[in-house]
Amino acid sequence: MSELKYTNEHEWIRVDGDTATVGISPYAQEQLGDVVFVELPEIGKAVEKGKEAAVVESVKAASEVYAPVSGEVIAVNDALTKDPALVNRSPTGDGWFLKLRLKDKGELAGLMDEAAYQKFVQGLK
Amino acid sequence: MNAPAETLLRTPLHALHVALGARIVPFAGYEMPVQYDGIISEHTHTRTHAGLFDVSHMGQVALIGPDAAAALESLVPGDIAGLKPGRQRYTMFTNPRGGMLDDLMVTNAGDRLLLVINAACKADDIAHMTAAIGARCTVEPMPGRALIAVQGPEAAQAIARLAPGVETLGFMTAGAFTIGGARAWFSRSGYTGEDGFEISIDNRDAERVARLILDQPEVKPIGLGARDSLRLEAGLCLYGHDIDQNTTPMEADLAWTIGKRRREQGGFPGADVILRQLRNGPPKKRVGILPEGRAPAREQTEITDAQGRRIGTVTSGGYGPTLGGPLAMGYVETAHSAVGTPVNLVVRGTPRPGRIVALPFVPHRYKKG
């Protein structure tokens, strides 16, 4: 498994060959608070970098989850339907949202690594 | 848009919120705590034990003088002249179209009426009262007083330990008691559907007394996030969302706030519209809506009938931690307002089924006198 890369919209992506897993960062789940609903895309859907791929809802509000890179949805985390709070408990583990088959690995270049993302988050506080 | 941080006001409990680790957000011109531990745990704690809420941002106003009750009746449809000393009542300022300028609590404190009005409306309400009835009674804002709500099934035991005697108050009654050496005004009321109190206290005593209350084992601090989910489950209106200048008390299903004498005599702004709707029914009605499935339907969600025709709009919607699922309130055409009527909620372009249900979603547990 490779390390996580992050977007400035607080999604993470973990690349494994030509596929990748996507979720939201620990900072994002903390800002959202208790997650009560997750809307996941259909398998087979083509998602575009920076466009909505899923929706996450806390008690207070609904927020979009954007695709960190373009690709085809090959799996979604059905466990979130029954237990959306997995996003709070394990944002970078069991609380993953979806898996993509990457369209263009070159799109990964613009994402932040862990150190850069932590610095980015510090700047928001 | 939220006002820039430097213009926001702070309540006398601001330092306490910060010390307790609250997440602070701008709300109605104030820096307010939206949550401490988390909305669901705070909500559940209030429903099972007791929660302390800082509601000092709300306006407190005294109306003083022998003509105060009659004067206030010229602005609200509630029976204020018939309100006995120590009694509290919910009513609303109406406009000439029958819409609502604000909703408020009025207490007869013996020598004066005490009003609690919404934070976002208080400047307008005070100007409105001063202009309309300022010659008939003294309109006295009380910015020197904080307001602390303590709500939940264990609120009475916690507060009675500090202010013996408060347990004798019944729902919607009020009186003066001493807490932590300070004289304060207690009403047995709130905004959660639970038993509890609202305590009006001098700003200088507020933090000390709030800490004393939080020292009680039953009580935790609760933010605005849980305050909203609690009131929504209780089916209570939020001004500016569920009721506003374009909704009448009849449409909002608040006819119960207008007593027999006021219905017969009128004499409040918009009485012609409101009393006509009382006779003939309003064109739309506030209802509870239970979405099927798990997706919340938020404020502004379109409500459609089985044929896909728009019949209304959600005015408050989200997730009810005690209910364990999504819930909404909104307005629908009266023909579609009966309990059990199937409706669709258009969430992100997709119609999702739901049905009209009776309010409240979670039964009230007030202390009946």
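See the structure printed just above.
Residues numbered from 1 in each chain as written. Chains lettered and ligands numbered in written order. Predicted model: local features only at pLDDT ≥ 70, side-chain atom pairs only at ≥ 80, totals over all residues.

**Student:** Which parts of the structure should I look at to understand the nonpolar core?
**Tutor:** Nonpolar side chains in soluble globular proteins tend to be buried together. A:Leu98, B:Leu72, B:Leu115, B:Ile148, B:Val150 and B:Phe186 are the most contacted members of the largest nonpolar core, which has 127 residues in total. Both of domain 1 (5-55 + 144-233) and domain 2 (283-357) of chain B provide at least three residues apiece to this core. Excluding residues within four positions of it along the chain, B:Val150 makes contact with B:Ala50, B:Leu52, B:Ala155, B:Ala158, B:Ile159, B:Gly196, B:Phe197, B:Ile199, B:Ile213 and B:Val219. (Core = buried A, V, L, I, M, F, W, Y, C linked by C-beta atoms within 7 Å. Buried ≥ 20, exposed ≤ 12 C-beta atoms within 10 Å, placed from the backbone. Domains from an automatic or database assignment. Contact = placed C-beta atoms within 7 Å.)

**Student:** I tried to follow the interface of chain B and chain A on my own but got confused; where do I start?
**Tutor:** Size of an interface: often given as the accessible area lost when the parts come together. Counting from both sides, the interface comprises 13 residues of chain B and, opposite them, 10 residues of chain A. Those elements that place two or more of their residues in the side of chain B that touches chain A are α2 (39-48), α7 (224-233) and β16 (310-320) of chain B. Taken together, the residues that form the side of chain B that touches chain A break down as 5 nonpolar, 5 polar and 3 charged. (Helix = DSSP H or I, 4+ residues; strand = E, 2+ residues; numbered from the N terminus. Nonpolar A, V, L, I, M, F, W, Y, C, P; charged D, E, K, R; others polar.)

**Student:** Looking at this model, I keep getting lost on unusual backbone geometry. Mind explaining?
**Tutor:** A negative phi angle characterises most non-glycine residues, just as the trans form characterises most peptide bonds. Residue and element names in this part refer to chain B. Put simply, leucine 359 and proline 360 share a cis peptide bond, and its omega is 0 degrees. Residue position: proline 360 is located in the segment after β19 (350-357). A positive phi angle, close to 50 degrees, is found at alanine 28, a residue other than glycine. At methionine 172, a position not held by glycine, the phi torsion is positive, near 65 degrees. Along the chain, methionine 172 falls in the loop between α5 (155-162) and β10 (174-179). Residue classification places methionine 172 among the buried residues on the basis of 20 C-beta atoms within 10 Å.

**Student:** What is the right way to look at the pairing of strand β7 (residues 112-117) of chain B in this model?
**Tutor:** Within a regular strand, side chains alternate between the sheet's two faces. Residues and elements named next belong to chain B. Where burial is concerned, most of β7 is hidden: 5 out of the 6 residues are buried. Across 6 bridges, the pairing between strand β4 (residues 59-64) and β7 is antiparallel. Note that in β7 the partner of valine 61 across the bridge is leucine 115. The pairing of strand β6 (residues 100-108) with β7 spans 5 bridges and is antiparallel. Across the sheet, residue valine 106 finds its bridge partner in β7, namely leucine 115. Linkage of β6 to β7, two consecutive antiparallel strands, is achieved through a turn of 3 residues, within which glycine 110 is found at a positive phi near 90 degrees. (Pairing = 2+ DSSP bridges.)

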